[in-house]
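One-letter residues, chain by chain:
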Amino acid sequence: MVNAFDATTGKLKWSREAHKGLPVGGRHRKNTFASETPATDGERLYVYFGNVGLFAYALDGKPLWDVRFEPQPMYLDFGTAASPVVADGRVFVVHDNDGKSFAAAIDAKSGKQLWKVDRDLPSRGMKSGWSTPFVWKHDGRTELIVIGKTYAVSYEPQSGRELWRLGGLTGQST
């Protein structure tokens, strides 16, 4: 379920069912199946349920589009938690898991998948992660930075091409 509340009064403005069915995979005992934080660009609301997909709504609650992703196994069935990020007309999502990890860019207006790259990064044991991507704008260019268990990787936001990677991380970054 996706619920919108009035920020001033706290009253429910609208409620929509994003997905109906049994949960895919498990969840951490201290969390829910909806751990990801929604994002907005001021025109649309983007809600990501990692093992289900990405959903877009108009700010009045009208469903606009959805992009479904194949469910993947998570370490100890902990569930997903990497939130979507919106920048320059694109919604970026990451799903690091113990199956087939990926990062993807979706057109914010149409829901068209613009690119999707495998994140088969070397790891010691589990590959699952819960890190939200970061859009880094600096004088040289804009980069999409994604932290994994053992690597930080920079992607070119327009194409998904890997720009650089930094190894040597030794713990779980979230």
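Above this note sits the structure.
Everything numeric in this text was worked out from a predicted model, so none of it was measured.

Q: Explain the overall build of the chain to me, and be specific about the residues and the numbers.
A: A tally of regular secondary structure across the chain gives 0 helices and 14 strands. What you see for the chain is a C-alpha radius of gyration of 16 Å, in line with the 16 Å of a compact globule of 174 residues. Here the C-alpha coordinates of the chain stretch approximately 45 × 40 × 30 Å along the principal axes. Counting all 174 residues of the chain, 44% fall into the buried class. A separation threshold of at least 6 residues defines the contact pool for the chain, and within that pool the share at least 24 residues apart is 45%. Summed over its atoms, the accessible surface of the chain is roughly 9,400 Å², and 51% of this surface lies on carbon and sulfur atoms. Averaged over its 23 positive side-chain charges, the chain has a centre that lies 3 Å from the centre of its 19 negative ones.

Q: Give me the pattern of salt bridges: which residues, what numbers.
A: Evaluated as defined, the whole model comprises 8 salt bridges. Across the salt bridge formed by aspartate 66 and arginine 68, the nearest N and O atoms sit 3.1 Å from each other. By relative accessible area, which is 44% here, arginine 68 ends up partly exposed. Here arginine 141 and glutamate 143 are joined by a salt bridge, their closest N and O atoms 3.2 Å apart. Overall, arginine 141 belongs to the partly exposed group, its relative accessible area being 38%. Classification of glutamate 143 by relative accessible area gives buried; the value is 2%. Taken together, the shared-partner salt bridges connect Asp41, Glu43 and Arg44 into one network.

Q: Tell me about the sheet that holds strand S13 (residues 151–155), and name the residues and values.
A: Taking strand neighbours across the sheet as the criterion, the 4 strands line up as S11-S12-S13-S14 in an open arrangement whose pairing is antiparallel. Taken across any chain shown, the strands that pair with only one partner, and hence form the sheet edges, are strand S11 (134–137) and strand S14 (162–167). Each neighbouring strand pair of the sheet contributes to a mean axis angle of 25°, computed without reference to strand direction.

Q: Pulling in residues and values, what's your account of the pairing of strand S4 (residues 44–49)?
A: The element S4 is largely enclosed, with a buried count of 6 among its 6 residues. Pairing analysis gives 2 bridges linking strand S3 (residues 39–40) to S4, with the strands arranged antiparallel. Bridging from a neighbouring strand, threonine 40 pairs with leucine 45 of S4. Counting the residues that bridge the hairpin from S3 to S4 gives 3 residues, and of these glycine 42 lies at a positive phi of roughly 90°. Sheet topology note: the S4/strand S5 (residues 53–58) ladder contains 6 bridges and is antiparallel. Each residue of the ladder has a partner; that of tyrosine 48, found in S5, is leucine 54.

Q: Provide a residue-level description of the sheet that holds strand S6 (residues 63–68), including the pertinent values.
A: Strands sit in the order S3-S4-S5-S6 across an open sheet of 4 strands; the sheet is antiparallel. The two strands at the open ends of the sheet, each matched to only one other strand, are S3 and S6.

Q: Got a sec to walk through the packing of aromatic side chains? Specific residues and values, please.
A: Scanning all chains against the criterion turns up 7 aromatic pairs. Look at tyrosine 48 and phenylalanine 69: their rings are 6.2 Å apart centre to centre, the planes differ by 90°, and that puts the pair in the edge-to-face class. In this pair, tyrosine 48 sits in strand S4 while phenylalanine 69 sits in the loop between S6 and strand S7 (85–87), placing the two residues 21 residues apart along the sequence. The exposure classification of tyrosine 48 matches that of phenylalanine 69, with both residues buried. Summarising the aromatic geometry, the rings of phenylalanine 69 and phenylalanine 102 are spaced 5.0 Å apart at their centres and angled 40° between planes, so their arrangement reads as tilted. Residue phenylalanine 69 is found in the loop between S6 and S7, and its partner phenylalanine 102 is found in strand S9 (residues 102–107); the two are separated by 33 residues along the sequence. The same class applies to phenylalanine 69 as to phenylalanine 102, namely buried.

What counts and how
- Residues numbered from 1 in each chain as written.
- Predicted model: local features only at pLDDT ≥ 70, side-chain atom pairs only at ≥ 80, totals over all residues.
- Heavy atoms only, no water.
- Helix = DSSP H or I, 4+ residues; strand = E, 2+ residues; numbered from the N terminus.
- Rg over C-alpha atoms; globule rule 2.2 N^0.38 Å.
- Buried < 20%, exposed > 50% of the residue type's maximum accessible area, 1.4 Å probe, protein only.
- Contact = heavy atoms within 4.5 Å.
- Areas by Shrake-Rupley, 256 points an atom, 1.4 Å probe, with all protein chains shown as cover.
- Lys, Arg positive; Asp, Glu negative; His and termini not counted.
- Charge placed at Lys NZ, Arg CZ, Asp CG, Glu CD.
- Salt bridge = Lys/Arg side-chain N within 4 Å of Asp/Glu carboxyl O.
- Pairing = 2+ DSSP bridges.
- Axes fitted to C-alpha atoms, helices over the stretch in contact; angles between N-to-C directions.
- Phe/Tyr/Trp six-rings, centres within 6.5 Å; stacked < 30°, edge-to-face > 60°.

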